[in-house]
Amino acid sequence: MNMGSDVGFSVWSGMPADWSRHNFQFRDSLAVVRGSHEIKVGVDIIKGYHLDAEYWNTDGAYSWGSDRTGSAYGDLLLGLPASFNQVSPTYWTGDRYLRMFFAQDTWRVNRKLTVILGARYEPMQNWKSREGEQVVFAPGQQSIMYPNMPPGTLYDGDNGAPPRGFWDQWGISRLGPRLGFAYDLGGDGKTSIRGGVGIYHDALNNAGASWMGTSIPFTGGVDITNPFSTTDPYNGHVNPFPIPVPTPSTWPIDLPVTSYMFNPNFQTAKNTQYNLTVERQLPRAMMLRVAYVGSLSGNLTRGRDANAAYYIPGNDAEGNPLSTLDTANMDSRRPIKNYEQMYVADSDGHGDLNSLLVTLERRLSRTLGFQVNYTLSRQMDNALLSGDSPTHGVRINPHGDGNDIWSVADQDATHHLAGNFNWNLPSPHGNAFLRQVVGGWQSTGILTLVSGTPLALYSATGQSLTSVRPYADYIPGCNASSHAGSDPRLMWFNTACFQEAALGTWGTAKRNMLRGPGMADVDWGMYKNFKVTEKLNIQFRSEFFNLFNHTNFGSPGTRVPNSDFGQIWSASDPRILQFALRLSF
């Protein structure tokens, strides 16, 4: 049960689920050497199976607000819910073949230069539902397979509907050529230059496809606003349960409905990666590597509500607002009637990455080995962090083209320094007792320093007067990144620079315009090795996580005007000590 005196209460019974899945894979390759060429060809075929059986809200779910008595506590105690939702179980069984073919030629041009030419062909077919539970976004078109559904969606078997939710991709666009080279600059094996470029294609994950099985008409259910009471929510409504699973195609539909689907022209993500690396061998078993790594991404998944309500300003003749958050009012402002949300997975996002990587490494030589890596990077995109699902990464303004959210990516971290070492402490020679006490010690450590990741700031309430929460409004000219007061935890950024979005808008604060706290961590271990016999060894391990007990703060509140807006009330783990004995034989 979720509680909040200023918001309301909700209760539901959880979601038992069966997510059985497995893959069968056949893989084979052939290699032929002809002179300076080593040619490889191969095939990789994967047959996937995925079961998604869910019992989401099958026992019913209630929420209580303050609409009926003026008090959330009053509505709860009197049994007057704001909403009641109940759905039948979902059962979605999918099969998919992934077919991949590749060819590669490794050409040793001369003693210094090696060139690699290759290509990989990966046609894409979406998961195929055994129950025919595939939904296609088709505005204005009427389904024959499910005649009781309102116009706007098509299904497996309908004329013009792709049989797997979106069209198969067999064309040349699924070909991924690759080119790489390695050059020994001095011919002595101490300085090398390597580089490469290639096109890579992604495959749709399981969850993205099975979401369609939760759509009406494959599951049946009801959403009741202001039901009669907690004990009798169906008073005044038809109780459709029990509903067969899967639901028959002619089953009556309780309008309006919410649906989840793919754009029929959906394509999986495509990534062009390129890199150039210079590596130099140094004295004392050390090596220095400097690399540029970049990429261009296309066809990134972006969810959107294709049936989001439009804002209508002003009041009616009686002085009532023409646009409110009332469900019936929002439904009246939606462009496609008899539907509520229509979540569609598009593939029109894109992004890029540019990064510099510097590595200093010492191989474990004598008693000491270490590695230090520094990365300076900038990742940009216009696709929110997503999981290939229509409801993941839903863009804020569903009526725009989505270019207004081009910014640093959600996971971007400008600076990342990581280091580790392994040091076998010297053991004394001669005295056996000293060797047992002083010898056999080993020390390890890990250092991690990461700069803060981006923050997006939102309006806490539904100022857009749709089902999508807008960004906050930014006050132009205000220095938003400045801390206020002596304790940045209480005001991580200048909260005076932001206010709730104006009614009917999506907010003027740019996506990810600020950054949260970074992270600094040192982990250290000290081990003592005891050699009992030739084959039996004991190791005593003492490990210290967050050795210096440095406080790594969580992200601040990002919703205006909530009381925690701009404040930090969470942190990662403090120092943790761990001791163990390890027996090796």
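That block above? That's the structure.
A brief look at the structure comes next. None of these values were measured; they are calculated from a predicted model. (Residues numbered from 1 in each chain as written. Predicted model: local features only at pLDDT ≥ 70, side-chain atom pairs only at ≥ 80, totals over all residues. Heavy atoms only, no water.)

1. Thoughts on the state of the cysteines
Reasoning step 1: For the structure on display, the rule yields 1 disulfide.
Reasoning step 2: Disulfide partner of Cys478: Cys497, at an S-S distance of 1.8 Å. Sign of the S-S torsion, about -65° for the bond between Cys478 and Cys497, identifies this disulfide as left-handed. Of the two residues, Cys478 sits in the loop between strand S26 (473-474) and strand S27 (498-499) while Cys497 sits in the loop between S26 and S27, which places them 19 residues apart along the sequence. Accessibility assignment for this pair places Cys478 and Cys497 in one class, buried. (Disulfide = S-S within 2.5 Å. Helix = DSSP H or I, 4+ residues; strand = E, 2+ residues; numbered from the N terminus. Buried < 20%, exposed > 50% of the residue type's maximum accessible area, 1.4 Å probe, protein only.)

2. What about the environment of Gln25?
Reasoning step 1: Mapped onto the secondary structure, Gln25 falls in strand S4 (residues 21-34).
Reasoning step 2: For the pair formed by Gln25 and Ile46, sequence separation is 21 residues and the distance between their alpha carbons is 4.4 Å.
Reasoning step 3: Those residues in contact with Gln25 that sit more than four places away from it in its chain are Asp44, Ile45 and Ile46.
Reasoning step 4: Here Asp44 takes part through its side chain, which lies 2.8 Å from a polar atom of the side chain of Gln25. (Contact = heavy atoms within 4.5 Å. Polar contact = N/O pair within 3.5 Å; in protein donor to acceptor, adjacent residues only side chain to side chain.)

3. Let's talk about unusual backbone geometry
Reasoning step 1: Of note, the amide linkage connecting Ile216 to Pro217 takes the cis form, showing an omega dihedral of 20°.
Reasoning step 2: Assignment of secondary structure puts Pro217 in the loop between helix H2 (206-210) and strand S15 (221-225).
Reasoning step 3: Residues Phe241 and Pro242 are joined by a peptide bond in cis, for which omega reads 5°.
Reasoning step 4: Inspection of the secondary structure puts Pro242 in the loop between S15 and strand S16 (257-262).
Reasoning step 5: Look at Arg366: it is not a glycine, yet its phi comes out positive at around 60°.
Reasoning step 6: Here Arg366 is to be found in the loop between strand S19 (339-365) and strand S20 (368-381).

4. A few points about the pattern of salt bridges
Side chains that carry opposite charge are capable of pairing whenever their charged atoms lie near each other.
Reasoning step 1: Inspection of every chain in the model, using the stated rule, returns 19 salt bridges.
Reasoning step 2: In this structure, Arg334 and Asp305 form a salt bridge, with 3.8 Å as the shortest nitrogen-oxygen distance. Of this pair, Arg334 sits in the loop between helix H3 (327-332) and S19 while Asp305 sits in strand S18 (residues 286-305), placing them 29 residues apart in sequence.
Reasoning step 3: The exposure class of Arg334 is buried, given its relative accessible area of 4%.
Reasoning step 4: Accessibility expressed as a relative area gives 2% for Asp305, which makes it buried.
Reasoning step 5: The network of salt bridges with shared partners includes Lys47, Asp95 and Arg130. (Salt bridge = Lys/Arg side-chain N within 4 Å of Asp/Glu carboxyl O.)

5. Considerations on the pairing of strand S22 (residues 415-424)
Reasoning step 1: The pairing of S20 with S22 spans 9 bridges and is antiparallel. Each residue of the ladder has a partner; that of Gln371, found in S22, is Asn420. (Pairing = 2+ DSSP bridges.)

6. Focus: the packing of aromatic side chains
Reasoning step 1: Going through the model one piece at a time under the given rule, you end up with 20 aromatic pairs.
Reasoning step 2: An angle of 85° between the planes, with centres 5.6 Å apart, marks the rings of Phe84 and Tyr234 as edge-to-face. Note that Phe84 is positioned in strand S7 (residues 83-87) and Tyr234 in the loop between S15 and S16, a separation of 150 residues in sequence. Of the two residues, Phe84 and Tyr234, neither departs from the other in class, the shared state being buried.
Reasoning step 3: Ring geometry for Tyr474 and Phe498: centres 5.7 Å apart, planes at 45°, overall tilted. Here Phe498 lies in strand S27 and Tyr474 lies in strand S26, a separation of 24 residues in the sequence.
Reasoning step 4: By relative accessible area, which is 23% here, Tyr474 ends up partly exposed.
Reasoning step 5: Of the aromatic side chains, those joined through ring pairs into one cluster are Tyr62, Trp64, Phe84 and Tyr234. (Phe/Tyr/Trp six-rings, centres within 6.5 Å; stacked < 30°, edge-to-face > 60°.)

7. What about the side chain of Asp184?
Reasoning step 1: As for its position among the elements, Asp184 is in strand S13 (residues 175-184).
Reasoning step 2: For the buried residue Asp184, which engages in no salt bridge, the nearest side chain bearing the opposite charge is Arg111, 5.3 Å off.
Reasoning step 3: Polar contacts involving the side chain of Asp184 include one to the main-chain amide nitrogen of Gly187, which spans 3.1 Å.
Reasoning step 4: Looking at Asp184, its side chain comes within polar contact range of the main-chain nitrogen of Gly189, at 3.0 Å.
Reasoning step 5: Discounting chain neighbours no more than four positions away, the residues touching Asp184 are Lys112, Gly189, Lys190 and Thr191. (Lys, Arg positive; Asp, Glu negative; His and termini not counted.)

8. What about a nonpolar patch on the surface?
Reasoning step 1: Together, Leu288, Val290, Leu356, Leu360, Val372 and Leu376 line one region of the surface with nonpolar side chains, adding up to about 390 Å² of accessible area.
Reasoning step 2: Contributions of two or more residues to the nonpolar patch are made by S18, S19 and S20.
Reasoning step 3: Examined against the element boundaries, Val290 turns out to sit in strand S18. (Patch = residues over 30% accessible without salt bridge, like charges linked within 9 Å, V, L, I, M, F, W, Y side chains within 5 Å. Areas by Shrake-Rupley, 256 points an atom, 1.4 Å probe, with all protein chains shown as cover.)

These figures capture arrangement, not role.
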